[in-house]
Amino acid sequence: MEGACNTCKKASSELKRCSKCSTTLYYSKDCQKADWKEHKKTCRKSAIDPVPADTLLSPPKGLEQPIVKPFSRLDNNTYLHDRPEKDVYRSPCLRSSFILDLCAVGLLIDCYRLRLEDDYKLDGDAAADSIYGGAESSLPGFRKFLRRAASRPGLLPSWWNAEKQKLCERLAVDSSQWCDLGCAVEKSDIIEHYGDARFPMQLRMLGQVVIGRGPGGDDGTHMRSVMVMMENGGYGGGLSTVTATVDMQSGKASSVHA
């Protein structure tokens, strides 16, 4: 059935649907990017169920299996390690027999997407090699990000190599996937997709390990230590006794005792 692009209004039988809501039609990726500022206001799925404050598993959705004690894993550099066998994925765009661990790969892509957004909002830095700086794709900058990640001892899984990086890059520009570098992402989008208000903090801390500093210049070391202590029963016995927040204006992390 023929429809019309939500942006340019061009009618076609080969329009692509928004991969997030699966309803809005676009003629091209450029049309989708041009409409995102308005479309994101209505591109919302069902409301997120609240995550129990004392859970040690994160996130509740978006991955085949949640990460156990995520902040402790960030602290000991094993955040991207030990994913279950079911957390593998064959992308139609790859046309390859290789199997990629979608958890590790998707986390790296979304980490970079959120970092681009944070740098733009907090520092006014629109990376020239990204869609924020007017580039056709954020892939060149993502390649640099992956090379940095590979240079951090023990950060990437043992199966990572140059060939897997190339496959990761191809997945990152697959417009049929949610983790598409061609689409900007905000903190609220990450929370909605993964169903966890703490998940943006995890991605920011992962980005800090890769890049060497956190959003807004904050190194995040204190907050990571606080979260690790909470996961292991500190601050009175659990996560429910402390609320962790990140100021979106300054990028600084803080903790508030309940």
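As shown above, the structure is provided for reference.
Residues numbered from 1 in each chain as written. Predicted model: local features only at pLDDT ≥ 70, side-chain atom pairs only at ≥ 80, totals over all residues. Heavy atoms only, no water.

Asker: Residue-level account of the pattern of salt bridges, with values.
Answerer: Tallying each qualifying case throughout the model produces 11 salt bridges. Note that R224 is salt-bridged to D75, the shortest N-O span being 3.1 Å. Highlighted residues: R224 in helix α8 (residues 221-231) and D75 in helix α2 (residues 70-75), separated in sequence by 149 residues. Under the relative-accessibility criterion, R224 is labelled buried at 13%. We note a salt bridge from E117 to K121, for which the minimum N-O separation is 3.5 Å. Residue E117 and its partner K121 are both found in helix α3 (residues 102-123); the two are separated by 4 residues, about one turn of the helix. Residue E117 is classed as buried on the basis of its relative accessible area of 6%. A single network of salt bridges, built from pairs that share partners, joins E117, K121 and E186. (Salt bridge = Lys/Arg side-chain N within 4 Å of Asp/Glu carboxyl O. Helix = DSSP H or I, 4+ residues; strand = E, 2+ residues; numbered from the N terminus. Buried < 20%, exposed > 50% of the residue type's maximum accessible area, 1.4 Å probe, protein only.)

Asker: Please provide a residue-by-residue account of unusual backbone geometry, values included.
Answerer: The peptide bond linking S58 to P59 adopts the cis configuration, its omega dihedral lying at -5°. Here K69, not a glycine, exhibits a phi torsion of approximately 45°, which is positive. On the secondary structure map, K69 appears in the loop between β6 (67-68) and α2. Overall, the relative accessible area of 27% leaves K69 in the partly exposed class. At N77, a position not held by glycine, the phi torsion is positive, near 70°.

Asker: How would you explain the packing of aromatic side chains if you had to name every residue and give the values?
Answerer: Enumeration according to the criterion identifies 7 aromatic pairs in this entry. Seen in terms of ring centroids, Y112 and F145 are 5.2 Å apart; in terms of plane orientation they differ by 45°. Their pairing is tilted. Of this pair, Y112 sits in helix α3 while F145 sits in helix α4 (residues 139-151); the two residues are 33 residues apart in sequence, bridging distant segments of the chain. The exposure class of F145 is buried, given its relative accessible area of 3%. Both rings, one in W178 and one in Y194, keep their centres 6.1 Å apart while their planes meet at 85°; by these two values the pair is edge-to-face. Of this pair, W178 sits in the loop between α5 (162-172) and α6 (187-194) while Y194 sits in helix α6, and the two are 16 residues apart along the sequence. For the residue pair W178 and Y194, the accessibility class agrees, reading buried in each case. The structure contains a cluster of three or more aromatic residues connected by ring pairs, namely Y112, F142 and F145. Just above the ring of W178 sits the side chain of R113; from NZ or CZ to the centre is 4.8 Å. (Phe/Tyr/Trp six-rings, centres within 6.5 Å; stacked < 30°, edge-to-face > 60°. Lys NZ or Arg CZ within 6 Å of the ring centre and 35° of its normal.)

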